[in-house]
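Survey of secondary and tertiary structure
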Amino acid sequence: MMTNLAISISDLKLDSIITCPGCSSVGIGEAEEVGPFFPQKDEQTLKLNPHRWNKAANLLFIESPVGVGFSYTNTSSDLYQLGDEITANDSYTFLVHWFKRFPQFKSHDFYIAGESYAGHYVPQLAEVIFDNNKHVPESNYINLKGCMMIGGAQGQIPASEGLALSKGQVIST
């Protein structure tokens, strides 16, 4: 999986971490929507995004599933075993290892956000985290506080409706 972290610039000592799984969270989400900079057409210049989310939170952009966006695999058979469940489990495994590699973020509140088809990835990843948190050692515990979907592709729910899940409540906007 390809990832990128945008560190929060706020004065808060324990800013939340928001992860943005999906294709292409780096190429679209970070570079064109909520990331700190917008790449310019000359491919040399970056422009500061006045509406960047890292004004208030750390942002971890995850390209998933493997093989989309900037992500890749060293095992070509992985590309024939893709699906939402595998994507959720791969993302969970990645996050457990990421928090071990960057323990300074372990105690921060953790949120998952996404748009479009991430309307599938976000709740499935949240469920994997929630289920695993019940029985994992503290070293693998993820401090999940909620998730947010913007225009999430959820099947029967119109894509124009936003959904947020926070502490067991579903809120439709």
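Residues numbered from 1 in each chain as written. Predicted model: local features only at pLDDT ≥ 70, side-chain atom pairs only at ≥ 80, totals over all residues. Heavy atoms only, no water.

1. Remarks on the overall build of the protein
If you tally the helices and strands in the protein, you get 3 helices and 9 strands. Across the 173 residues in the protein, those meeting the buried criterion constitute 39%. In the form shown here, the protein has an accessible surface area of approximately 10,000 Å², with 55% of it arising from carbon and sulfur atoms. (Helix = DSSP H or I, 4+ residues; strand = E, 2+ residues; numbered from the N terminus. Buried < 20%, exposed > 50% of the residue type's maximum accessible area, 1.4 Å probe, protein only. Areas by Shrake-Rupley, 256 points an atom, 1.4 Å probe, with all protein chains shown as cover.)

2. Remarks on the pairing of strand S7 (residues 144–150)
Bridge analysis of strand S6 (residues 110–115) against S7 gives 6 bridges, and the strand direction is parallel. Of the residues in S7, the one forming a bridge with alanine 113 is methionine 148. Once the chain exits S6 it traverses helix H3 (residues 118–133) before rejoining the sheet at S7, and the crossover so formed is right-handed. (Pairing = 2+ DSSP bridges. Right-handed = clockwise from strand over helix to strand, strands pointing away.)

3. Focus: the confidence of the model for the protein
Averaged over every residue, the pLDDT of the protein is 76; the share at 70 or more is 71%. The lowest-confidence element of the protein is strand S8 (residues 163–166), averaging 42 in pLDDT; the highest-confidence one is helix H2 (residues 84–101), averaging 91. (pLDDT = per-residue confidence, 0-100.)

4. Some words on the packing of aromatic side chains
In total, this model carries 4 aromatic pairs according to the counting rule given. Aromatic side chains tryptophan 98 and phenylalanine 102 sit 5.1 Å apart centroid to centroid with 40 degrees between the ring planes, which places their arrangement in the tilted category. Taken together, a centroid distance of 5.6 Å and an interplanar angle of 75 degrees make the contact between phenylalanine 99 and phenylalanine 110 edge-to-face. Within this pair, whereas phenylalanine 99 is found in helix H2, its partner phenylalanine 110 is found in strand S6, the two being separated by 11 residues in sequence. For the pair phenylalanine 99 and phenylalanine 110, a shared accessibility class is recorded, and that class is buried. We note arginine 101 situated over the ring of phenylalanine 102; from NZ or CZ to the ring centre the distance is 4.9 Å. (Phe/Tyr/Trp six-rings, centres within 6.5 Å; stacked < 30°, edge-to-face > 60°. Lys NZ or Arg CZ within 6 Å of the ring centre and 35° of its normal.)

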